[in-house]
Structures are given as structure tokens and as C-alpha cells.
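Notes for the structure review
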Amino acid sequence: MRLLLLLLVAASAMVRSEASANLGGVPSKRLKMQYATGPLLKFQIWRVFEEYMRVISQRYPDIRIEGENYLPQPIYRHIASFLSVFKLVLIGLIIVGKDPFAFFGMQAPSIWQWGQENKVYACMMVFFLSNMIENQCMSTGAFEITLNDVPVWSKLESGHLPSMQQLVQILDNEMKLNVHMDSIPHHRS
């Protein structure tokens, strides 16, 4: 039983760190391109990031490209954190065999009794159902692109991903605008 508990705790930590890295947690390290100068184009989604990065880096070699996770609303992050802790406590109670309902003077429901009779299945069910809910809380569906911290595309606003042609056109327009703005002399009043 202790081995099962250790395996579940290790698997939970591994899944939680992966979910944090993939679904909105603070990234432990960011992918940085070798280019240290030029404008910064930032993607906030990972799935299609590599495809867009390849095409954009070929067309605009001076642009630094970074990818990071788009954080969900704080309430969803708190719910996911709570579920992560609650899951481990519940699995620990199942394995140890402690009845939390007796502490509150309540009779244990039949699902708890089933869990005590089938500890492995109950622990696996709690683990996977909790992870499913945690991942759903951390998922945003965002595809946000900024150029020098100025938003140039938002899937949250538009409802869809830009085509490669749309993105290239947007970048062409932004780059022309930046070159034009840099060429205008600044006057002091």
C-alpha cells in the first residue's frame, strides 16, 4: 500500500507539473530564439507555436519569438490547486482506511465503503477524475499573439486561429508601421 501511495504521489506531482507547464502555470523556462535583437513576437499557445515559429523565423529573421502559457482566470487556478491537494488527501484517507465521515458524526456513504473494499480502483478513479477536472480548469483555449507587447491577434476575441497568410499580413503591416513610426522625427514642445 505504501508503494501505491508513493507511486500515486509521484505521478500526481509529475502530471501537475506537466499540466502547469502545458496549461497555464507559470512556465519554468521559456523557449527563446537565438536572436537577441529586433522586435519580440510572443505566442501564448503551444500546439501550433512551432509551425508558426518556423515560417515566421524564415520570413522575418530579426524577430525574436517566444512562447508562453496563457494563464486562466485566478478562480480557476485556485480551484485546480485546491483539487490537487484534495485529491492527495482523499487518496491518503482511502489508503490508510480512515473514515472522514465519522469525524463529523455522519454515516459513511456507500461509495466510501466501496472505495475501502476496492482501494486500488478508488485511488485510480479519484486520481484520474481529479486530474481531468484540474486540466479543464487550467485550459483557456487562448491563442494570443503580441508584437513588442502590443496585441496583434486574439483567439479569445476572434474565436478562431489566424491562417498563416493572415498572420504574415498582420506582421507585414505592423513591421511597415514600426519602420514608418521610427522614421518620423520626434519634436519637443
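Criteria and cut-off values
- Residues numbered from 1 in each chain as written.
- Predicted model: local features only at pLDDT ≥ 70, side-chain atom pairs only at ≥ 80, totals over all residues.
- Heavy atoms only, no water.
- Helix = DSSP H or I, 4+ residues; strand = E, 2+ residues; numbered from the N terminus.
- Contact = heavy atoms within 4.5 Å.
- Areas by Shrake-Rupley, 256 points an atom, 1.4 Å probe, with all protein chains shown as cover.
- Core = buried A, V, L, I, M, F, W, Y, C linked by side-chain atoms within 4.5 Å.
- Buried < 20%, exposed > 50% of the residue type's maximum accessible area, 1.4 Å probe, protein only.
- Axes fitted to C-alpha atoms, helices over the stretch in contact; angles between N-to-C directions.
- Nonpolar A, V, L, I, M, F, W, Y, C, P; charged D, E, K, R; others polar.
- pLDDT = per-residue confidence, 0-100.
- Phe/Tyr/Trp six-rings, centres within 6.5 Å; stacked < 30°, edge-to-face > 60°.
- Salt bridge = Lys/Arg side-chain N within 4 Å of Asp/Glu carboxyl O.
- Left-handed = near helix turned anticlockwise from the far one by under 90°.

Attention shifts here to the overall build of the chain. The secondary structure content of the chain amounts to 8 helices and 5 strands. Partitioning the contacts of the chain with sequence separation of at least 6, the portion at a separation of at least 24 is 67%. Accessible surface computed for the chain: about 12,600 Å², of which carbon and sulfur atoms make up 61%.

Further remarks concern the nonpolar core. Membership of the largest hydrophobic core comes to 16 residues, with the highest contact counts inside it found for Ile-56, Tyr-60, Ile-65, Ile-145, Leu-167 and Leu-171. Among the secondary structure elements, those contributing two or more residues to this core are α2 (49-59), β4 (144-147), β5 (150-154) and α8 (164-183). Counting residues in each nonpolar core, the second largest holds 9 residues, with Ile-95, Ala-122, Cys-123 and Phe-127 among its members.

The subject of this paragraph is the packing of helix α5 (residues 110-117) against helix α6 (residues 119-138). Each pair of packed helices gets described by two things: the angle between the helix axes and the distance between those axes. Between α5 and α6, the least distance of the axes is 5 Å, while the angle of their chain directions is 120 degrees. Every residue of α6 that contacts α5 at Trp-114, Gly-115, Gln-116 and Glu-117 is listed here: Lys-119, Tyr-121, Ala-122 and Met-125. Residue composition of the contact of α5 with α6, by class: 4 nonpolar, 2 polar and 2 charged.

Residue-level pLDDT values for the chain average 77, and 69% of them are 70 or greater. Low confidence marks residues 1-9, where pLDDT is under 50. Its contacts with residues over four positions away, or in another chain, come to 11 contacts. Predicted confidence is poor over residues 14-35, with pLDDT under 50, and the contacts of this stretch with residues over four places away or in other chains come to 46 contacts.

Moving on to the packing of aromatic side chains. Summed over the entire model, instances satisfying the criterion amount to 5 aromatic pairs. Ring plane angle 50 degrees and centroid distance 5.5 Å describe the contact between Tyr-52 and Phe-143, whose orientation is recorded as tilted. Of this pair, Tyr-52 sits in helix α2 while Phe-143 sits in the loop between α6 and β4, and the two are 91 residues apart along the sequence. Its relative accessible area of 0% is what places Phe-143 among the buried residues.

For the structure shown, the criterion picks out 2 salt bridges. In this structure, Arg-59 and Asp-172 form a salt bridge, with 3.1 Å as the shortest nitrogen-oxygen distance. On the criterion of sequence distance, the pair formed by Arg-59 in helix α2 and Asp-172 in helix α8 is long-range, its members being 113 residues apart. Judged by its relative accessible area of 17%, Asp-172 is buried.

A few words now on the packing of helix α3 (residues 74-96) against α5. Where α3 meets α5, the closest approach of the two axes is 8 Å, and the angle between their N-to-C directions is 65 degrees. Crossing handedness for the pair α3 and α5: right-handed. Judged by residue contacts, Leu-90, Leu-93 and Ile-94 of α3 engage Trp-112, Gly-115 and Gln-116 from α5. Residues that form the contact of α3 with α5 fall into these classes: 4 nonpolar, 2 polar and no charged.

Positive phi is not limited to glycine here, since Asn-148 has a value of about 55 degrees. Within the fold, Asn-148 resides in the loop between β4 and β5. For Asn-148, a relative accessible area of 38% corresponds to the partly exposed category. Its identity as a non-glycine residue notwithstanding, Asp-149 has a phi of 65 degrees, on the positive side. Residue position: Asp-149 is located in the loop between β4 and β5.

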